[in-house]
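Observations on the model geometry
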Amino acid sequence: MPETYVLVPGAWHGAWCWRPVAGRLRAAGHRVFAVTLPGLADGDDRRGRNLSDTVDFLAAFLDRHDLTDVTLVGHSWGGYPITGAAHRIPRRLRRLVYCNAFVPERGRPLVDDVPPGHAALFKQLASASADGSIVMPYEVWQHAFVQDLAEPVRKLLHDLLVPQPMSYFDQALDAPDVTSLGIPVSYLAGREDLAMPPGEFAWSPRFPRRLGVDPVELPGGHESFLTRPDDFVRALSALR
C-alpha cells in the first residue's frame, strides 16, 4: 500500500542525506519528501535563527502540499522539529518515527540532554564563530558518527555538512509530551551508534522510554540511513 513519508534531517544535514532512503522508498511506490530546514542549506544566513523557525517551516510544508496520513521521520536533532510540528498539524500525521533521535521534553533544550562535555564544546565553537553557528569537528565526526565507513567516505560526508545554528541547540520547545497527541510513535536505534556515550546519556533506552515504546534496532551507527539504507528502509516499512 503506497504511503507518504516526510524525511527530516538532523543537525548539519540537508535533504541530500536522505537520497538513498528516499530513492528506495519511491522505487517501492511510496510518495516521499525530504526537506532542508531553515539555516541548513548551503550559503544560508544563520544569524538570528530560532528553533521555532524549523517548526514553522515543517508545519507549513505539510500544509502547503496538503499532505495527509504522513509518516514523519526525524533523525538525531530532527526529533525537535518533528515534535514541534506534530503539535501544530497532528491531523496530517499517521506516525512519528524517531531515528537515533532526541525526544524532547517540554522546556528542555538539546544542550541539557547531552553530556556536559558536548554542551561545553558546542558553546565554545559557537562563540568562536562569526554567526553563532557550530561546525562539526572532523575528529568527532569520524569516530562517533561514521566510524563504520572507510576514511575517504568519512571525509566526503564531512565536506557535505553545513554549520548548525547554536540557537537550535540551546532553545527548547514549549510543548507537552508528544505522546499526548495520540499519534503512533516508533524509535529506530542503530546498534553501533556512538554519537552519544553509553550509560546515562545513551540514545537507547533513554529516548524510547520517553515515548513509552521499545526501540527497533538497526545495524549500523548514527548515520545508518546513509550507511545501511536497505536495512533502514526494511525497518521503516515494517513499522505498524
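Please read these numbers as outputs of a predicted model, since none were measured by experiment.

A few points about the packing of aromatic side chains
Under the definition given, this model contains 15 aromatic pairs. Seen in terms of ring centroids, Phe-33 and Phe-61 are 5.8 Å apart; in terms of plane orientation they differ by 80°. Their pairing is edge-to-face. One end of the pair, Phe-33, is in strand E2 (residues 31-34); the other, Phe-61, is in helix H2 (residues 51-64), with 28 residues separating them in the sequence. Of the two residues, Phe-33 and Phe-61, neither departs from the other in class, the shared state being buried. These aromatic residues form a ring-pair network of at least three members: Trp-12, Phe-122, Trp-141, Phe-145 and Phe-169.

Comments concerning the pairing of strand E3 (residues 70-75)
Within E3, six of the six residues are buried, which leaves the element mostly enclosed by the surrounding structure. The two faces of E3 match: Val-70, Leu-72 and Gly-74 on one face and Thr-71, Val-73 and His-75 on the other face are all buried. Here five bridges tie strand E1 (residues 4-8) to E3, and the two strands are oriented parallel to one another. Across the sheet, Val-8 pairs through a bridge with Gly-74, a residue of E3. Here E3 pairs with strand E4 (residues 93-99) via six bridges, running parallel. Across the sheet, residue Val-73 finds its bridge partner in E4, namely Val-97. Following the backbone out of E3, through helix H3 (residues 79-88) and into the adjacent parallel E4, one traces a crossover that is right-handed.

Looking at H2
Between its terminal C-alpha atoms H2 stretches 20 Å, which fits the 20 Å expected from 14 residues at 1.5 Å a residue. Those residues of H2 lying buried are Leu-51, Thr-54, Val-55, Leu-58, Ala-59, Phe-61 and Leu-62. Taken end-on, H2 shows its buried residues confined to a sector of 155°, consistent with a single buried face. Contact partners of the buried residues in H2: E1, E2, E3, H3, E4 and helix H7 (167-170). At the C-terminal side of H2, Asp-66 shows a positive phi close to 50°.

What about the pattern of salt bridges?
What the rule picks out here adds up to 17 salt bridges. Close ionic contact of Arg-47 with Asp-45 constitutes a salt bridge, the shortest N to O distance being 3.0 Å. Residues Glu-217 and Arg-191 are paired through a salt bridge, measuring 4.0 Å at the closest nitrogen-oxygen approach. With Glu-217 in strand E8 (residues 216-218) and Arg-191 in the loop between strand E7 (185-190) and helix H8 (206-211), this residue pair connects regions lying 26 residues apart in the sequence. Residue Arg-191 is classed as partly exposed on the basis of its relative accessible area, which comes to 48%. Via salt bridges that share partners, Glu-105, Arg-108, Asp-113, Arg-206 and Arg-210 belong to a single interconnected network.

Analysis parameters
Residues numbered from 1 in each chain as written. Predicted model: local features only at pLDDT ≥ 70, side-chain atom pairs only at ≥ 80, totals over all residues. Heavy atoms only, no water. Phe/Tyr/Trp six-rings, centres within 6.5 Å; stacked < 30°, edge-to-face > 60°. Helix = DSSP H or I, 4+ residues; strand = E, 2+ residues; numbered from the N terminus. Buried < 20%, exposed > 50% of the residue type's maximum accessible area, 1.4 Å probe, protein only. Pairing = 2+ DSSP bridges. Right-handed = clockwise from strand over helix to strand, strands pointing away. Expected span 1.5 Å × (residues − 1). Arc of directions from axis to C-beta. Contact = heavy atoms within 4.5 Å. Salt bridge = Lys/Arg side-chain N within 4 Å of Asp/Glu carboxyl O.

Taken by themselves, the reported measurements are silent on function.
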